Amino acid sequence: MVTIDIPVSSYVKKFMTTLYGDNYTLSLNDTLGNAITALLMKKTNNYNGLYKKGRDSVYSIHISFSQMKNEGCIIRKNNIHLIGQFCDKYFRETIFLSIFTSSNDGKDNVKDTMRKALQAFNITEDDIALDTLYRYYLRKRNLPPFSKFYKQKIAAKS
């Protein structure tokens, strides 16, 4: 089995650990596995080792020998960074979906829903500030894929 360490923020590591466990074993049965498999290569002349970009945690992904044989086990360093970004966006989308499904749009209600969602993943203010996530939500709520949910909530209030 080969292990690839993905540099991520502490809140993303906690999120991934809650969803997939301490280490993730590559599987084609979930979103993360499909995203990673698309980036695997059997061989390349352009392998540069791990991409390390100021992250305070790593999340390990295990690739079995049969998957190595079929899909490959090499990920270019810039693609390792892309997996980390994917995990961060996946985390944020999960938090935002919890907002759209369980809160009305008042500021306090949104923040309370965010706080509860973060607690479910054991994420604290030390990992990511609630205000940071709230400001990001305000910027992104009118953009796809969230715009449809947001417009439906506004229409339901009318």
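All values reported here derive from a predicted model rather than from experimental measurement.

1. Considerations on the pattern of salt bridges
Using the criterion set out here, one finds four salt bridges in the structure. The closest approach of N and O atoms between aspartate 112 and arginine 115, which form a salt bridge, is 2.9 Å. Pair noted here: aspartate 112 and arginine 115 are both in helix α5 (residues 107–120), with a separation of three residues, about one helical turn. Judged by relative accessible area, which is 34%, aspartate 112 ranks as partly exposed.

2. Some details on helix α1 (residues 10–20)
The set of residues buried in α1 consists of Ser10, Tyr11, Val12, Phe15 and Met16. Contacts made by the buried residues of α1 are with β1 (2–8), α2 (31–37), β3 (57–63) and α4 (77–102). Directly beyond the C-terminal end of α1, a positive phi value near 100° is found at glycine 21.

3. Here we look at unusual backbone geometry
Notably, asparagine 122 is not glycine yet its phi reads approximately 60°, a positive angle. Structurally, asparagine 122 is set in the loop between α5 and α6 (130–140). Asparagine 122 gets classed as exposed once you look at its relative accessible area, which sits at 55%.

4. A few points about the nonpolar core
In this structure, Ile36, Phe91, Ile95, Phe96, Met114, Ile123 and Tyr137 are the most contacted members of the largest nonpolar core, which totals 37 residues. Going through the elements one at a time, β1, α1, α2, β3, α4, α5 and α6 are the ones with two or more residues in this core. Among the elements that make up this core, the one with the highest residue count is α4 (eight residues).

5. Concerning the sheet that holds β3
As summarised here, the arrangement of the three strands in space is β1-β3-β2, forming an open sheet in which the pairing is mixed. Strands at the two margins of the open sheet, each flanked by one partner only, are β1 and β2 (23–25). Each neighbouring strand pair of the sheet contributes to a mean axis angle of 25°, computed without reference to strand direction. Relative to β3, β2 runs parallel, the two sharing three bridges. Following the sheet pairing, asparagine 23 is matched in β3 by serine 60. Against the sheet, α1 makes contact with β1, β2 and β3, and its axis sits at roughly 35° relative to β3, the strand it touches most. Against the sheet, α4 contacts β1 and β3, and its axis sits at roughly 60° relative to β1.

6. Points about the confidence of the model for the protein
When pLDDT is averaged across the protein, the result is 81; 81% of the residues are at 70 or more. Helix α7 (residues 147–157) is the least confidently modelled element of the protein, averaging 66 in pLDDT, while α1 averages 93, the highest of any element. Taken as a whole, residues 47–52 scores under 50 in pLDDT and shows 13 contacts with residues more than four places along the chain or in a different chain.

7. Digging into the packing of aromatic side chains
Going through the model one piece at a time under the given rule, you end up with nine aromatic pairs. Note on phenylalanine 15 and tyrosine 90: the rings are 5.6 Å apart at their centroids and 75° apart in plane angle, and the pair reads as edge-to-face. In this pair, phenylalanine 15 sits in helix α1 while tyrosine 90 sits in helix α4, placing the two residues 75 residues apart along the sequence. Ring centres 5.9 Å apart and planes at 10° place the aromatic pair phenylalanine 86 and tyrosine 90 in the stacked group. Remark: tyrosine 90 and phenylalanine 86 occur in helix α4; sequence separation between them is four residues, near one turn of the helix.

Rules used throughout
- Residues numbered from 1 in each chain as written.
- Predicted model: local features only at pLDDT ≥ 70, side-chain atom pairs only at ≥ 80, totals over all residues.
- Heavy atoms only, no water.
- Salt bridge = Lys/Arg side-chain N within 4 Å of Asp/Glu carboxyl O.
- Helix = DSSP H or I, 4+ residues; strand = E, 2+ residues; numbered from the N terminus.
- Buried < 20%, exposed > 50% of the residue type's maximum accessible area, 1.4 Å probe, protein only.
- Contact = heavy atoms within 4.5 Å.
- Core = buried A, V, L, I, M, F, W, Y, C linked by side-chain atoms within 4.5 Å.
- Pairing = 2+ DSSP bridges.
- Axes fitted to C-alpha atoms, helices over the stretch in contact; angles between N-to-C directions.
- pLDDT = per-residue confidence, 0-100.
- Phe/Tyr/Trp six-rings, centres within 6.5 Å; stacked < 30°, edge-to-face > 60°.

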